[in-house]
Amino acid sequence: MMKKIIAILFTGFAALGMHAQVGINTKTPKGTLDVEGETLVESYLIDTENTKAGGNYLLITRSKDSSPVGKVKLLDISLRNVAPVNMYNVVLKNVKQDEVVNLNTGLDASKYVVAITGAVFTEAVSAANTTTNPKSFGSYSTEITQVTSGGKSYHAINLAFKGAGTVSSQNGTWTLSLTVFEKSLVKDWGTFNGSVSASASPGYSGVSTNTPLGLQ
């Protein structure tokens, strides 16, 4: 009889262990561990499943700026106004021929890192060589600089189409793509130098010899 009781108790505890849900600050846990409120992580969380990401994911970060340090923050892109990486297109019409100089994007330089990832100028005619067919043009010049407004620094757009103009000096149109990174999630690796060589094949090509190890 005693053996049967022990066996029944063991089976009951095993079943309870398999289906138990633990709640902290909640009487109705929705998972194996359900914490209602703030969570402090004293050490880094190590993911034991190192597989290629696929599907939809939420990002979890460990804050260094919280008090106390170590609060876990969930980055749900669908619920945030800003994602870690953002992309959008800009169409600039009525540009004075082909030049755009220090156009304020309204993107705070202290919060974001901005890159022009694509640019197309339409309604262009060649100002460099009009005798060739097709007519030759120079290169696009795209640059992100900073401007100050109201005591804050903002990213600004600079565009030019070297060796090009517009028919009868009419105003043209730029279509560009901006990629905006949340600065707090960007790691700045500093400056790394490389070199090019006239004797390389193809000529004046080369490889940076100081690429950060983490990016190789």
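About the thresholds
Residues numbered from 1 in each chain as written. Predicted model: local features only at pLDDT ≥ 70, side-chain atom pairs only at ≥ 80, totals over all residues. Heavy atoms only, no water. Helix = DSSP H or I, 4+ residues; strand = E, 2+ residues; numbered from the N terminus. Buried < 20%, exposed > 50% of the residue type's maximum accessible area, 1.4 Å probe, protein only. Contact = heavy atoms within 4.5 Å. Areas by Shrake-Rupley, 256 points an atom, 1.4 Å probe, with all protein chains shown as cover. Pairing = 2+ DSSP bridges. Axes fitted to C-alpha atoms, helices over the stretch in contact; angles between N-to-C directions. Core = buried A, V, L, I, M, F, W, Y, C linked by side-chain atoms within 4.5 Å. Patch = residues over 30% accessible without salt bridge, like charges linked within 9 Å, V, L, I, M, F, W, Y side chains within 5 Å. Salt bridge = Lys/Arg side-chain N within 4 Å of Asp/Glu carboxyl O. Phe/Tyr/Trp six-rings, centres within 6.5 Å; stacked < 30°, edge-to-face > 60°. Lys NZ or Arg CZ within 6 Å of the ring centre and 35° of its normal.

Asker: Let's hear about the overall build of the chain: which residues, and what values?
Answerer: Each helix and strand counted, the chain has 1 helix and 12 strands in total. Listing every helix and strand of the chain by position from the N terminus yields α-β-β-β-β-β-β-β-β-β-β-β-β. Here the chain holds 216 residues, and the buried ones make up 22% of them. Partitioning the intrachain contacts of the chain with sequence separation of at least 6 by distance along the chain shows that 61% fall at a separation of at least 24. Carbon and sulfur atoms provide 55% of the accessible area of the chain, an area that totals close to 16,400 Å².

Asker: Give a detailed account of the sheet that holds strand 6 (residues 100–108), specifying residues and quantitative values.
Answerer: What the 3 strands build is an open sheet, ordered 6-10-9; its pairing is antiparallel. Lying at the two open borders of the sheet, with one neighbouring strand each, are strand 6 and strand 9 (140–149). Taking each pair of neighbouring strands and ignoring which way they run, the sheet shows an average axis angle of 30 degrees. One ladder, built from 4 bridges, connects strand 6 with strand 10 (residues 152–161); its direction is antiparallel. Counterpart to Leu103 in the pairing with strand 10 is Ile157.

Asker: Outline the nonpolar core, supporting the account with residue identities and numerical values.
Answerer: The biggest cluster of nonpolar side chains holds 17 residues, and the ones touching the most others in it are Leu92, Leu159, Trp174 and Leu176. Listed by contribution, the elements that provide at least two residues to this core are strand 5 (85–95), strand 6, strand 7 (112–122), strand 10 and strand 12 (172–182). The element contributing the most residues to this core is strand 7, with 5 residues. Among all residues touching Leu92, those that are not within four sequence positions of it are Val100, Leu103, Leu159, Gly172, Thr173, Trp174 and Leu176.

Asker: Run through the pairing of strand 10, naming residues and quoting values.
Answerer: Taken across its 10 residues, strand 10 has 8 buried, putting it largely inside the fold. Hairpin geometry of strand 9 and strand 10 is characterised by an intervening segment of 2 residues between the two adjacent antiparallel strands and by a positive phi of about 60 degrees at Gly150.

Asker: Please provide a residue-by-residue account of a nonpolar patch on the surface, values included.
Answerer: Taken together, the side chains of Val22, Ile24, Leu33 and Val35 define a hydrophobic patch exposed on the protein surface, amounting to about 330 Å² of accessible area. Looking at the nonpolar patch, the elements with two or more residues in it are strand 1 (22–24) and strand 2 (33–35). Turning to its location among the elements, Val22 is positioned in strand 1. Under the relative-accessibility criterion, Val22 is labelled partly exposed at 46%.

Asker: Give a description of the environment of Tyr112 that names residues and reports values.
Answerer: In this structure, Tyr112 sits in strand 7. Residues Tyr112 and Phe181 lie 69 residues apart in sequence; the distance between their C-alpha atoms is 5.5 Å. Among all residues touching Tyr112, those that are not within four sequence positions of it are Val82, Leu107, His155, Val180, Phe181, Glu182 and Lys183.

Asker: Can you tell me about the packing of aromatic side chains, naming the residues and giving the values?
Answerer: Tallying each qualifying case throughout the model produces 2 aromatic pairs. Geometrically, the ring pair formed by Phe121 and Trp174 is tilted, given 5.1 Å between the ring centres and 50 degrees between the ring planes. Here Phe121, found in strand 7, pairs with Trp174, found in strand 12; they are 53 residues apart in sequence, far enough to count as distant. Trp174 carries the same exposure label as Phe121, and that label is buried. A connected cluster of aromatic rings, assembled from ring pairs, spans Phe121, Tyr140 and Trp174. For Lys187, the ring lying beneath its charged end belongs to Trp189, and the centroid distance is 4.3 Å.

Asker: I'd like a rundown of the sheet that holds strand 7, residues and numbers included.
Answerer: Working definition: the strands of a sheet are paired by backbone hydrogen bonds and lie parallel or antiparallel to each other. Pairing in this open sheet of 3 strands is antiparallel, and the strands run 5-12-7 from one edge to the other. Sheet topology places strand 5 and strand 7 at the edges, where each strand pairs with a single neighbour. Within the sheet, the average angular offset between the axes of one strand and its neighbour, ignoring direction, is 20 degrees. Both strand 5 and strand 12 contribute to a ladder of 9 bridges, which runs antiparallel. Bridging from a neighbouring strand, Tyr88 pairs with Leu178 of strand 12.

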